[in-house]
Amino acid sequence: GAVVSQHPSRVICKSGTSVKIECRSLDFQATTMFWYRQFPKKSLMLMATSNEGSKATYEQGVEKDKFLINHASLTLSTLTVTSAHPEDSSFYICSAPDHNEQFFGPGTRLTVL
Amino acid sequence: GNSVTQMEGPVTLSEEAFLTINCTYTATGYPSLFWYVQYPGEGLQLLLKATKADDKGSNKGFEATYRKETTSFHLEKGSVQVSDSAVYFCALPAPGGYNKLIFGAGTRLAVHP
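Nothing here was measured: the structure is a model prediction, and the numbers come from that model.

Draft legend 1. Up close: the packing of aromatic side chains. Across all of its chains, the model carries 12 aromatic pairs over all chains by this definition. Aromatic pair F28 of chain A and F103 of chain A: ring centres 6.2 Å apart, planes at 55°, arrangement tilted. Separated by 75 residues along the polypeptide, F28 of chain A in the loop between β3 (19–25) and β4 (32–38) and F103 of chain A in strand β10 (residues 101–104) bring together distant segments of the chain. In terms of burial, F28 of chain A and F103 of chain A fall into one category: buried. Plain terms: the ring middles of F104 of chain A and Y36 of chain B are 5.3 Å apart, the flat faces sit at 80° to each other, and that makes the pair edge-to-face. With one member in each of two chains, F104 of chain A in strand β10 and Y36 of chain B in strand β5 (residues 33–38) form a pair that bridges those chains. Here F104 of chain A and Y36 of chain B have matching classes, each one buried. Through pairs of rings, three or more aromatic residues link up here, namely Y36 and F104 of chain A together with F34, Y36, F89 and F103 of chain B. Lying across the ring of Y30 of chain B, K68 of chain B places its NZ or CZ 5.5 Å from the centre.

Next up, the structure:
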């Protein structure tokens, strides 16, 4: 099947700094990618839909100025957590569809001190 | 809106034991239903799916039947292996978008020799 990668796999940062997470489709093109957030022992929660060449679509309750999404090419979407705080610590997962199936990245563990 | 409820884990079994992970859903209409699996250190992978009522999805010895009467999609396997140790997620599409998925909380399965 198709492969989606994420980088970095883990990141630790200080409160107030910004962190960028990359999501790449390695062997297919994706005009749309999805960003999820997973809290411990909780569901994956859809944060936003990343659209190549246009603005991202955010789910209700997700701060677009806090979580900046850029879909610069057909194989790359980035999520930037701006002015991170400890409550932003979480597991962030991206996905991309190919032939009507979703393919997920391995996730990025963000810890904000 | 659509939602998914999964049994809480962890589930701990001995090799060759019978596995059931319960999943019930709330949805408008009869959407497709999915089981995803996340092996340690990897992204989510589609395990099986069912697209309409009474369909049975199957893969790698796992099965799940789409039962509209009980709004359930329980995952079963007759004889688990150590290599089945992973986290299992039940999911269905969000209203209005096939590619947007709503996930259950996930059930961690640990299989011991």
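Once you've had a look at it, read on.
Draft legend 2. Broad picture of the pairing of β4 of chain A. Residues and elements named next belong to chain A. Of all the seven residues making up β4, seven are buried; the element is thus mostly covered by neighbouring parts of the structure. A two-sided burial pattern is seen for β4, the buried positions comprising T32, F34, Y36 and Q38 on one face and M33, W35 and R37 on the other. In this sheet, strand β9 (residues 90–98) lies alongside β4 in antiparallel orientation, the contact comprising five bridges. Each residue of the ladder has a partner; that of Q38, found in β9, is F91.

Draft legend 3. Up close: the pattern of salt bridges. According to the stated counting rule, one finds six salt bridges over all chains in the structure shown. D88 of chain A is paired through a salt bridge with K66 of chain A; the nearest N and O atoms lie 2.8 Å apart. A residue pair is termed long-range when its members are at least 10 positions apart, and D88 of chain A in the loop between β8 (76–81) and β9 and K66 of chain A in the loop between β6 (57–58) and β7 (67–73) qualify at 22 residues. Both residues of the pair, D88 of chain A and K66 of chain A, count as buried. A salt bridge links E63 of chain B to K56 of chain B; the nearest nitrogen and oxygen atoms lie 3.6 Å apart.

Draft legend 4. Structural context of the interface of chain A and chain B. Each partner contributes to the interface: chain A provides 19 residues, whereas chain B provides 15 residues. Together, the buried faces of chain A and chain B total about 1,300 Å²; carbon and sulfur atoms form 56% of this surface. Contact with chain B buries surface across chain A, with L44, Q102 and F104 of chain A losing the most and accounting together for 33% of the total. At the boundary of chain A and chain B, one finds one salt bridge. We note a salt bridge from K100 of chain B to E59 of chain A, for which the minimum N-O separation is 3.1 Å. For the pair chain A and chain B, the interface holds two residue pairs in polar contact (both at pLDDT 80 or more). If you list the elements that add at least two residues to the side of chain A that touches chain B, you get β4, β5 (44–51), β9 and β10 of chain A.

What counts as what
Residues numbered from 1 in each chain as written. Chains lettered and ligands numbered in written order. Predicted model: local features only at pLDDT ≥ 70, side-chain atom pairs only at ≥ 80, totals over all residues. Heavy atoms only, no water. Phe/Tyr/Trp six-rings, centres within 6.5 Å; stacked < 30°, edge-to-face > 60°. Helix = DSSP H or I, 4+ residues; strand = E, 2+ residues; numbered from the N terminus. Buried < 20%, exposed > 50% of the residue type's maximum accessible area, 1.4 Å probe, protein only. Lys NZ or Arg CZ within 6 Å of the ring centre and 35° of its normal. Pairing = 2+ DSSP bridges. Salt bridge = Lys/Arg side-chain N within 4 Å of Asp/Glu carboxyl O. Contact = heavy atoms within 4.5 Å. Buried area = accessible area lost by both parts, 1.4 Å probe. Polar contact = N/O pair within 3.5 Å; in protein donor to acceptor, adjacent residues only side chain to side chain.

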